[in-house]
Amino acid sequence: ASEALSIALTKRGKHLGKDIPMCGVPVHAADDYLQRLIEKGHRVAVCEQTEDPATAKKRGSKAVVRREVVRLVTAGTVTEDALLDAERNNFLAALAISPAGDGKEAHCAVAWIDISTGEFRVSATGQRGLTGLLARIDPAELLLPERLFADAGTRSGLEQALGDRTMISPLADSFFESAVAEDRLADAFLVKSVDAFGSFNRQELSASAAILAYVEKTQIARRPPISPPRRISSNATMQIDPATRINLELFRTLSGQRSGSLAATIDKTVTAAGSRLLTQRLASPLCDPAVIHRRLDSVAWLIEHGELRSEIVGRLKSTPDLLRALSRLGLDRGGPRDLQAIVMAMEAGEAISGLLAGMPVDDDGEIAEIRDTLAG
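I will try to describe carefully the structure that is included in this document. (Residues numbered from 1 in each chain as written. Predicted model: local features only at pLDDT ≥ 70, side-chain atom pairs only at ≥ 80, totals over all residues. Heavy atoms only, no water.)

Looking now at the nonpolar core. The nonpolar side chains of a soluble globular protein tend to be buried, and buried together. Formed by 29 residues in total, the largest nonpolar core has its most connected members in Phe120, Ile211 and Leu212. Residue assignment for this core shows that the elements contributing at least two residues are β5 (92-97), β6 (107-114), β7 (119-126), α7 (178-188) and α8 (202-218). Beyond its immediate chain neighbours, meaning those up to four positions away, Leu212 contacts Ile113, Phe120, Leu185, Ala188, Phe189, Arg223 and Ile226. Counting 19 residues, the second-largest nonpolar core is a separate cluster that includes Leu95, Val110, Leu130 and Leu162. (Core = buried A, V, L, I, M, F, W, Y, C linked by side-chain atoms within 4.5 Å. Buried < 20%, exposed > 50% of the residue type's maximum accessible area, 1.4 Å probe, protein only. Helix = DSSP H or I, 4+ residues; strand = E, 2+ residues; numbered from the N terminus. Contact = heavy atoms within 4.5 Å.)

With that settled, consider unusual backbone geometry. Residue Ser6 is not a glycine yet carries a positive backbone phi of 55°. On the basis of relative accessibility, which here comes to 63%, the residue Ser6 falls in the exposed class. Of note in the backbone geometry, Glu249 takes a positive phi value of approximately 50° without being a glycine. Relative to the helices and strands, Glu249 resides in the loop between α9 (242-248) and α10 (262-266).

What follows is about the pattern of salt bridges. Here the structure, examined in full by the defined rule, presents 17 salt bridges. Here Glu204 makes a salt bridge to Arg231, at a shortest N to O gap of 2.8 Å. Of this pair, Glu204 sits in helix α8 while Arg231 sits in strand β10 (residues 230-231); the two residues are 27 residues apart in sequence, bridging distant segments of the chain. A relative accessible area of 0% means that Glu204 is categorised as buried. Arg258 is paired through a salt bridge with Asp267; the nearest N and O atoms lie 3.7 Å apart. You can call Asp267 buried: its relative accessible area is 16%. (Salt bridge = Lys/Arg side-chain N within 4 Å of Asp/Glu carboxyl O.)

There is a patch of nonpolar side chains on the surface, built from Val270, Val313 and Leu316 and spanning about 170 Å² of accessible area. As for its position among the elements, Leu316 is in helix α13 (residues 306-317). We classify Leu316 as partly exposed; its relative accessible area is 30%. (Patch = residues over 30% accessible without salt bridge, like charges linked within 9 Å, V, L, I, M, F, W, Y side chains within 5 Å. Areas by Shrake-Rupley, 256 points an atom, 1.4 Å probe, with all protein chains shown as cover.)

Here Asn90 shows up in the loop between β4 (67-73) and β5. Look at Asn90 and you get buried, because its relative accessible area is 12%. Among the polar contacts made by the side chain of Asn90, one reaches the main-chain carbonyl oxygen of Ala75 at a distance of 3.0 Å. Excluding anything up to four places from it in sequence, Asn90 contacts Ala75, Gly76, Thr77, Val78, Leu84, Ile113, Asp114, Ala140 and Arg324. (Polar contact = N/O pair within 3.5 Å; in protein donor to acceptor, adjacent residues only side chain to side chain.)

A word on helix α6 (residues 152-162). Among the residues of α6, those classed as buried are Leu158, Ala161 and Leu162. Each buried residue of α6 lies within a common arc of 85° when the element is viewed along its axis, so the set occupies one face. Looking at α6, the residues exposed on the side facing more than 90 degrees away from the buried face are Gly153 and Gln160. Those residues of α6 that are buried are in contact with β5, α4 (130-137), β8 (141-145), β9 (167-171) and α9. Gly163 lies just past α6 and shows a positive phi near 80°. (Arc of directions from axis to C-beta.)

Put into structure tokens, the structure is as follows:
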């Protein structure tokens, strides 16, 4: 830690005749140093006192106050605002691959979660489409079964496709055990069967169960609010390989800067959640004409009702990041500011619901769906 953070190495006491090395940082600066450790590929265990010092003294004047690891922080499980980019998701992903055989292509599945917003998605693909899917998700951390992590060729190929931004972490093969994956998921979401959420193949179930288990492991059995898994069809969006994405400069220029990219140029959103949604839509161009026209109809309707649009934008400008506030509160890491964020977001939602009420809209369109959701 001393070397990674460039802070002084000190010592305190001895153990077996040798000095005990120590280094430390002020508590008010902990987030800054935590970010530096995560960026360098480290995982951090957060240990806190779990009893009052007065209670410890009752066991003897030299009794040590009890401490326990309360959380493991990794690149894909960060929740602190100071360590997150408000304009993009911080996805944790897990990869499951079936053994290939008889000249057939292996079946792959990727599950991904943003624990700061609760989004949970899963998608299946062939081996040829895997790098394109991972490039679209752009995870901060990718979980691999130990058997895949030990395969130098597989790991090297993934590292080349994902670049320096993604930490690749090995996970015991037992986490990906398909025989118990469905039961794990059903128990996690308190349902009798995952059929309630859709139809999933074995690899999708394995990846989904593994990623949930990892979240519970790193959060020490405390799980943030996470939506049930939603299956994304590989045919629903355009397949774009990693090299093409780089050359298109969708989110970063060829020099690695966000400024000058397509996303930075067209992003006129007024909320963090809006910016994240725009990023997701740019990364996943639609292929279904019906869905495309539905979205275009929404845009046309808002253009037609310019005054209403301006009022909605005004309300959205004062809307805080509700999803990330809820996640911190669910993990018992929130504060008064997060509670206030919920109040402000609910007030904005109520106001926008009032603006949309009574407006002439297509009952099957996106605007009507948004109106009804806010009214509910």
